[in-house]
Amino acid sequence: MTMGLTTGNRNGIATSVPDIDDAYAFALAVAHRLDVRGVVVTMGNSMVKPSMVTARATAKALGSRVPVVQGANVWLPVRPQETTGGADLTDTCVNDGVRFMAEQLRRTRGLTILAIGPLTDVACLSMNYPAEARHIKRVVALVGSKPTTPLELFGHPAVDFNYIMDPRAEAVVLEQTSIPFTAINFELSSLAPIPLARLRALATSPDPLARFFGRSSQPLVAELAAAGFPAKPIFDAAVVWHLIRPEDHVCRQVGFRLRTGSPAITQADDDNVTDWFSPEFTDTRRVTACTGFTSRRAAAEFQHAVLAAVHGAVR
């Protein structure tokens, strides 16, 4: 939830502008009156405490009273840790966000988790609150791609950001739990991008919500324009749309392949850390992968819905 921050990408190790798509996903959920029980803010696009500031500002602009709770400030260690005396340190990842999710699951006995950032807190929940994690109906996550497929945006190489920020977390959820899992793959989430000109126009809208989103988006819009990008995919909003209009997505049962490694250091031209989803993988548990829209009209309606959620759609 970093829309409005001007630097600090990759949990603060990069000077580039963090992404804005989490905020648009939140707006889409609010606009369609999903029963959102809380927003757990995690590291990734930036460090977690600056992200809490922008998350709360976004919630206020949307008029949402949904709790905004601080989650992970760092990825899981690449290997499980213990002390020299053998004490297990698995519980050291527990934070307010993990405890909040555990309490909500305990109280409701069934919720869906939309994982639009690294899966750190979901993995920590499953390892430390297994009874509560059994009440997770499904995790819908923005992760993965087709096997051996180079990830590109308008000719620019890209990475599966949510995976590379915490590879072990996704491995924990997929390989150590049986929680139903839906992966909204890059091939789907990169479709229906919003032209930068439309995002710029929001900043001068007479509507306060559109103006807030437009002005908060401008640092990233300017950076993308300088790099030659004509439009911005609103990746995370595709996860929310899967709850609103699942019939718009092309999905199938698949297996997965995870190539793990150190988090956060993978560059766009480095293929050492990957998470692939495909029917050809038959030696893993089955999960759902969504790779496209059912039609151009469905993609266009998604794009319109995202803009409408921030009062920026053209009628």
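Residues numbered from 1 in each chain as written. Predicted model: local features only at pLDDT ≥ 70, side-chain atom pairs only at ≥ 80, totals over all residues. Heavy atoms only, no water.

Draft legend 1. The arrangement of the packing of helix H4 (residues 120-128) against helix H7 (residues 167-175) in detail. Between H4 and H7, whose axes approach to 8 Å, the crossing angle comes to 45 degrees. Considered as vectors, H4 and H7 are oriented oblique to each other. Along this stretch, H4 crosses H7, giving a crossing that reads as left-handed. Contacts between H4 and H7 pair Thr120, Val122, Ala123, Ser126 and Met127 from the former with Arg168, Ala169, Val172 and Val173 from the latter. Here the residues of the contact of H4 with H7 sort into 6 nonpolar, 2 polar and 1 charged. (Axes fitted to C-alpha atoms, helices over the stretch in contact; angles between N-to-C directions. Helix = DSSP H or I, 4+ residues; strand = E, 2+ residues; numbered from the N terminus. Parallel < 35°, antiparallel > 145°, perpendicular 65-115°, else oblique. Left-handed = near helix turned anticlockwise from the far one by under 90°. Contact = heavy atoms within 4.5 Å. Nonpolar A, V, L, I, M, F, W, Y, C, P; charged D, E, K, R; others polar.)

Draft legend 2. Structural context of the packing of aromatic side chains. Going through the model one piece at a time under the given rule, you end up with 8 aromatic pairs. Ring pairing ties together the aromatic residues Tyr24, Phe212 and Phe213, which thus form one cluster. (Phe/Tyr/Trp six-rings, centres within 6.5 Å; stacked < 30°, edge-to-face > 60°.)

Draft legend 3. Structural view of the nonpolar core. Counting residues in hydrophobic clusters, the biggest one holds 59 residues, and the most contacted among them are Tyr24, Leu28, Phe213 and Phe302. Apart from residues no more than four positions distant in its own chain, phenylalanine 213 is found in contact with Met3, Ala23, Tyr24, Ala27, Thr58, Leu62 and Val310. (Core = buried A, V, L, I, M, F, W, Y, C linked by side-chain atoms within 4.5 Å. Buried < 20%, exposed > 50% of the residue type's maximum accessible area, 1.4 Å probe, protein only.)

Draft legend 4. Examining the state of the cysteines more closely. Applying the stated criterion across every chain, the model contains 2 disulfides. Between the sulfur of cysteine 93 and that of cysteine 124 lies a disulfide, 2.1 Å long from S to S. Judged by the torsion about the S-S bond (95 degrees), the cysteine 93/cysteine 124 disulfide is right-handed. With cysteine 93 in the loop between strand S2 (68-70) and helix H3 (96-108) and cysteine 124 in helix H4, the pair connects residues that are 31 residues apart, well separated along the chain. Here cysteine 93 falls in the buried class, since its relative accessible area comes to 16%. Looking at cysteine 124, the relative accessible area reads 0%, which means it is buried. Two residues, cysteine 251 and cysteine 290, share a disulfide whose sulfurs are 2.1 Å apart. Sign of the S-S torsion, about 105 degrees for the bond between cysteine 251 and cysteine 290, identifies this disulfide as right-handed. Of this pair, cysteine 251 sits in strand S10 (residues 249-259) while cysteine 290 sits in strand S12 (residues 287-293), and the two are 39 residues apart along the sequence. The connectivity of the disulfide-linked cysteines in the protein chain, indexed sequentially, is 1-2, 3-4. (Disulfide = S-S within 2.5 Å.)

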